[in-house]
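Residue-level structure breakdown
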Amino acid sequence: MMHWQRVYKDNREHRATIVRDVLMDREIDAVVVNKKDSPYGFGFLEVQVPADQVILALKIIEEEIQFE
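Before going into details, it helps to say that this report is about the structure given with it.

Rules behind the numbers
Residues numbered from 1 in each chain as written. Predicted model: local features only at pLDDT ≥ 70, side-chain atom pairs only at ≥ 80, totals over all residues. Heavy atoms only, no water. Phe/Tyr/Trp six-rings, centres within 6.5 Å; stacked < 30°, edge-to-face > 60°. Lys NZ or Arg CZ within 6 Å of the ring centre and 35° of its normal. Helix = DSSP H or I, 4+ residues; strand = E, 2+ residues; numbered from the N terminus. Polar contact = N/O pair within 3.5 Å; in protein donor to acceptor, adjacent residues only side chain to side chain. Expected span 1.5 Å × (residues − 1). Buried < 20%, exposed > 50% of the residue type's maximum accessible area, 1.4 Å probe, protein only. Arc of directions from axis to C-beta. Contact = heavy atoms within 4.5 Å.

1. Let's talk about the packing of aromatic side chains
Counting across every chain of the model gives one aromatic pair. Lying across the ring of phenylalanine 44, lysine 9 places its NZ or CZ 4.4 Å from the centre.

2. Observations concerning the environment of aspartate 21
Here aspartate 21 shows up in helix 1 (residues 13-25). Considered as a pair, aspartate 21 and valine 31 are 10 residues apart in the sequence and their alpha carbons are 9.1 Å apart. A polar side-chain atom of aspartate 21 sits 2.9 Å from a polar atom in the side chain of arginine 20.

3. Details of helix 1
Taking 1.5 Å per residue as the helical rise, helix 1 with its 13 residues ought to reach 18 Å, and the 18 Å between its terminal C-alpha atoms agrees with that figure. Inspection of helix 1 places Arg15, Ala16, Val19, Val22 and Leu23 among the buried residues, and these make up the whole buried set. All buried residues of helix 1 lie within an arc of 125 degrees about the axis, which places them on one face of the element. Residues of helix 1 that are exposed and angled more than 90 degrees away from the buried face: Glu13 and Asp25. Its buried side turned inward, helix 1 meets strand 1 (4-10), strand 2 (31-34), strand 3 (45-50) and helix 2 (54-64).

4. A few points about the side chain of glutamine 53
Locating glutamine 53 in the fold gives a position in the loop between strand 3 and helix 2. Here the side chain of glutamine 53 touches aspartate 29 through a polar contact of 3.2 Å, landing on its backbone nitrogen. Those residues within four positions of glutamine 53 in sequence are excluded, and the remaining contacts are Glu27, Ile28 and Asp29.

5. Overview of the side chain of glutamine 48
Within the fold, glutamine 48 resides in strand 3. A distance of 2.6 Å separates the side chain of glutamine 48 from the side chain of glutamate 46, its partner in a polar contact. Residue contacts for glutamine 48: discarding those within four places in its chain leaves Trp4, Gln5, Arg6, Asp29, Ala30, Val31 and Val33.

This is the structure we're talking about:
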């Protein structure tokens, strides 16, 4: 079984989705894991990738994705 690791964390769903989509466009397996508490909306969403793709994913996030 593949081990997945977090490469991005945010409390806004649209940002996590954008990060996932960019990574997938670069042929990196990525998923959004919702860690929000449903009734209250506290928490965050994580983008996770397989452990062997973490370094490449972090590089892509750092160099290609900016939210302003």
